[in-house]
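Read off the chains here:
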Amino acid sequence: MRVSPPRIFPHATRAAKPPVGADGSADAYRQVSFLLADDVDLVLEGLNLEGAVAEVSSAAKYRTQTMASALGLWSRSWLTRLQALHAVEWGNYIGALPLIRSAADYQAAALYLLRTGAAEWEAWLASDGIALAADEHATQYVLHAFRAAEVLAVDETLGPIYRAATDLSLSHFGATLMLTGSDSTVDRVLMTFGDRDFHLGLAEMLLGWLLLLGAAQVESLMEFEGVFALPDSAALTAFCGRARARAAESSRCSIETLNDPAGAARYLVRNWRRAPGAAAKRLLL
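Structure report, in brief. (Residues numbered from 1 in each chain as written. Predicted model: local features only at pLDDT ≥ 70, side-chain atom pairs only at ≥ 80, totals over all residues. Heavy atoms only, no water.)

Here we come to the overall build of the protein chain. Of regular secondary structure, the protein chain possesses 10 helices and five strands. For the protein chain, whose C-alpha radius of gyration is 21 Å, the value lies close to the compact-globule estimate of 19 Å for 285 residues. Overall size of the protein chain, expressed as C-alpha extent along the three principal axes, is 65 × 40 × 40 Å. For the protein chain, with 285 residues in total, the buried portion stands at 46%. Pairs at least 24 residues apart make up 69% of the contacts formed inside the protein chain by residues separated by at least 6 positions. Surface accessibility of the protein chain: about 14500 Å² in total, with carbon and sulfur atoms responsible for 57%. (Helix = DSSP H or I, 4+ residues; strand = E, 2+ residues; numbered from the N terminus. Rg over C-alpha atoms; globule rule 2.2 N^0.38 Å. Buried < 20%, exposed > 50% of the residue type's maximum accessible area, 1.4 Å probe, protein only. Contact = heavy atoms within 4.5 Å. Areas by Shrake-Rupley, 256 points an atom, 1.4 Å probe, with all protein chains shown as cover.)

Turning to the nonpolar core, a few remarks are in order. In terms of nonpolar packing, the biggest core is built from 78 residues, with Ile100, Met205, Leu206, Trp209 and Phe228 touching the most fellow members. If you tally residues by element for this core, the top one is helix H9 (residues 200–223), at 14 residues. Residues within four places of methionine 205 in sequence aside, it is in contact with Leu168, Met178, Cys253 and Ile255. (Core = buried A, V, L, I, M, F, W, Y, C linked by side-chain atoms within 4.5 Å.)

Right, let's talk about H9 for a bit. In an α-helix there are 3.6 residues to a turn, and that puts residues three or four apart on one side. With 24 residues, H9 should reach 34 Å at 1.5 Å per residue; the first-to-last C-alpha distance of 34 Å fits that figure. Along H9, 20 of the 24 residues are buried, which leaves the element largely enclosed by surrounding structure. (Expected span 1.5 Å × (residues − 1).)

What follows deals with a nonpolar patch on the surface. The grouping of Met1, Ile130 and Tyr141 at the surface amounts to a nonpolar patch, some 390 Å² of accessible area in total. On the secondary structure map, isoleucine 130 appears in strand E1 (residues 130–133). Classification of isoleucine 130 as partly exposed rests on a relative accessible area of 35%. (Patch = residues over 30% accessible without salt bridge, like charges linked within 9 Å, V, L, I, M, F, W, Y side chains within 5 Å. Salt bridge = Lys/Arg side-chain N within 4 Å of Asp/Glu carboxyl O.)

Reading across from one edge, E3-E4-E5 is the order of the three strands in this open sheet, with antiparallel pairing throughout. Looking at the sheet topology across the chains shown, the edges are occupied by strand E3 (254–259) and strand E5 (281–284). Averaged over all pairs of adjacent strands, the angle between their axes in this sheet comes to 25°, without regard to strand direction. Pairing geometry for strand E4 (residues 265–272) and E5, over three bridges, is antiparallel. Bridge pairing in E5 places valine 269 opposite leucine 283. (Pairing = 2+ DSSP bridges. Axes fitted to C-alpha atoms, helices over the stretch in contact; angles between N-to-C directions.)

Turning to helix H8 (residues 173–180), a few remarks are in order. Residues Ala175, Met178, Leu179 and Thr180 constitute the buried set of H8. Along the long axis of H8, the arc covered by the buried residues comes to 165°, so they all point the same way. Against the buried residues of H8 lie helix H4 (93–115), helix H7 (158–169), H9, E4 and E5. (Arc of directions from axis to C-beta.)

Its location among the elements puts alanine 280 in the loop between E4 and E5. Each C-alpha atom, one on alanine 280 and one on tyrosine 93, is 19 Å from the other, the two residues being 187 residues apart in sequence.

The next thing to look at is the packing of aromatic side chains. For the structure on display, the rule yields three aromatic pairs. Taking the centre distance of 5.4 Å and the plane angle of 80° together, the rings of tryptophan 74 and phenylalanine 228 count as edge-to-face. Remark: phenylalanine 228 occurs in the loop between H9 and helix H10 (233–247) and tryptophan 74 occurs in helix H3 (residues 65–89); sequence separation between them is 154 residues. Of the two residues, tryptophan 74 and phenylalanine 228, both sit in the buried class. With centroids separated by 5.1 Å and ring planes inclined at 40°, the aromatic side chains of tryptophan 121 and tryptophan 124 adopt a geometry described as tilted. One end of the pair, tryptophan 121, and the other, tryptophan 124, are both in helix H5 (residues 119–126), three residues apart, so they sit about a helical turn from each other. Classification of tryptophan 121 by relative accessible area gives partly exposed; the value is 26%. (Phe/Tyr/Trp six-rings, centres within 6.5 Å; stacked < 30°, edge-to-face > 60°.)

Our next topic: the pairing of strand E2 (residues 138–141). Relative to E2, E1 runs antiparallel, the two sharing four bridges. Along E2, the bridge assignment pairs alanine 133 with alanine 138.

Here we take up the pattern of salt bridges. Pairing between side chains of opposite charge can happen when their charged atoms approach one another. Per the counting criterion, the structure on display carries 13 salt bridges. Glutamate 89 serves as the salt-bridge partner of arginine 14, at 2.4 Å between the closest nitrogen and oxygen. Of the two residues, arginine 14 sits in the segment before helix H1 (25–35) while glutamate 89 sits in helix H3, which places them 75 residues apart along the sequence. Of the charged contacts in the structure, one is a salt bridge between arginine 270 and glutamate 256, with a shortest N-O distance of 2.5 Å. Linking arginine 270 in strand E4 with glutamate 256 in strand E3, this pair joins segments that are 14 residues apart in sequence. Classification of arginine 270 by relative accessible area gives partly exposed; the value is 26%. On the basis of relative accessible area, glutamate 256 is assigned to the partly exposed category, the value being 32%.

By themselves these figures say nothing about function.
Laid out in structure tokens, this is it:
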């Protein structure tokens, strides 16, 4: 089966400024622009570097089934990361979490296909993955449940982000309190509803994840040079170094996994604070 020239939409930009009356989000947009503009610019730099790779990889010599299978999942990750960035800019941190989780999942699946020469994709095509469904007068795409748990289990970037973003995206009580009631104490529960005010800790944590996912994706592209065209390898390498260094800064909010005395996995959130001048706290989930 031939691979047609893919249609490429390679440009990523900031979210538009929220309209007047969008309660809370206008302040978040201003604060992100003032305090975290370098993070946002670096995330966008990575996305646009990826877009440039996708654009030149549409040339005829790169139109293989391996490239096509990875390109579809890469595209899904690229768009979800862009929308997660926009959600952070608008103060919708809760909306960004499942997008980041999905992006890590898509990237792991694409990496698995690349490392196996798209064998499962090829087998799917050979078993009428795309076919005519005469009775329904439709073109059939067999769903074929596919995930890359093996990659997520061992990858040092994708795995931790996927697991933490999954736990924070689910309806766990501790995650819910962290995201909608983190001013609660041992004496009281204080919930919010529809809160889109700026939160420095959440913004730093989520933007750090987006930087790491961007670096991981670019590193995957460089690992498989030949499947993809790399128009500027030096720029790709430099981006990965700067993105990983920025995400690792000790002053920013971050989350790490640790084990309690019973051996159960816990999450420790460092440098948790809503505003720049507030005292940094730790949260243990």
